Amino acid sequence: MKAVTTSPSSPSPAPSPAADVDVVLPCLNEAAALPWVLGRIPAGWRALVVDNGSTDGSADVARAYGATVVHEARRGFGAACHAGLTAATAGIVCFCDCDASLDPGLLVPFVREVLDGEADLVLGRRRPEGRGAWPAHARAGNLALARMLRRRTGLRLHDLGPLRAARREGLLALSLDDRRSGYPLQMVVRAADAGWRIAEHEVPYRPRVGSSKVTGTWRGTWHAVRDMSRVLHEPPRVRAGGG
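Residues numbered from 1 in each chain as written. Predicted model: local features only at pLDDT ≥ 70, side-chain atom pairs only at ≥ 80, totals over all residues. Heavy atoms only, no water.

Draft legend 1. A look at helix α4 (residues 108-115). Residues Val108, Phe110, Val111, Glu113 and Val114 constitute the buried set of α4. Just downstream of α4, Gly117 is the residue with a positive phi angle, here 75°. (Buried < 20%, exposed > 50% of the residue type's maximum accessible area, 1.4 Å probe, protein only. Helix = DSSP H or I, 4+ residues; strand = E, 2+ residues; numbered from the N terminus.)

In structure tokens form, the structure reads like this:
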């Protein structure tokens, strides 16, 4: 199975599609980054900020900038993402980090591709911009996982980045149950097992605001790789068609 990879053809995204779209933004102490992120949500889309136990007033900032706040007491990236997915009501659900490293406006062509039936899951391949945008240990861990993913599914992806879009019903049907760092990978693995068409496009990746909760250290990266390695050892699921 081969994933389609392209680079952006234009620095400016196309106008946002006239569609019902929710953007899930997992959040843990991102008050400083939220204004930038929420200010770039495409017009007509709904931002779902999933507060995963912030102590810096992130939830209040999110509300002040027009976002819907979802509270998830169980710590973990996957727990926050899945809480957002289950709270979403739109036909298309997108995911984006809440640390200002990725511009949610870049999701516009992703959504259009899903709506046009060209792909079932669209992922962003991060292209670092600026010093410190993507530490060497994080890149090494990502490369190792991409290779393991290829052996497991045949997908020729280069990145397992957090910027992505798919149909809500399809995502729920994947029955994702990882609630830690393995959640993004489990989504891709189970989508591949179900025969989804998966596309990958380059997106600029900026230095994040604040410190990373997952890949900011070698220890955090190791735990993430361990979680994801566990996902890769799941037995293949029954093929159930596209998203």
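Draft legend 2. Layout of the side chain of Asn52. Mapped onto the elements of the fold, Asn52 is located in the loop between β3 (46-51) and α2 (58-64). Leaving out residues up to four positions away in the same chain, Asn52 has contacts with Cys27, Leu28, Glu72, Arg74, Arg75, Gly76 and Ala80. (Contact = heavy atoms within 4.5 Å.)

Draft legend 3. Spotlight on the pairing of strand β8 (residues 198-205). Here β8 lies mainly inside the structure; 6 of its 8 residues are buried. By the bridge criterion, 8 bridges tie strand β6 (residues 121-128) to β8 in an arrangement that is parallel. Following the sheet pairing, Pro128 is matched in β8 by Tyr205. (Pairing = 2+ DSSP bridges.)

Draft legend 4. How the structure looks around the environment of Met148. Residue position: Met148 is located in helix α5 (residues 136-153). It is 8.1 Å that separates the C-alpha atoms of Met148 and Ser229, two residues lying 81 residues apart in sequence. Once you skip the residues sitting within four places of it in the chain, Met148 turns out to touch Ser229 and Leu232.

Draft legend 5. Local environment of the nonpolar core. Ranked by size, the top nonpolar core spans 37 residues in total, and within it Val23, Leu25, Leu38, Trp45 and Cys94 carry the most contacts. Elements supplying a minimum of two residues to this core: β2 (21-27), α1 (34-38), β3, α2, β5 (92-95), α4 and β8. The contact partners of Cys94, leaving out residues within four places of it in the chain, are Val21, Asp22, Val23, Val24, Trp45, Leu107, Val111, Arg164 and Ala165. (Core = buried A, V, L, I, M, F, W, Y, C linked by side-chain atoms within 4.5 Å.)

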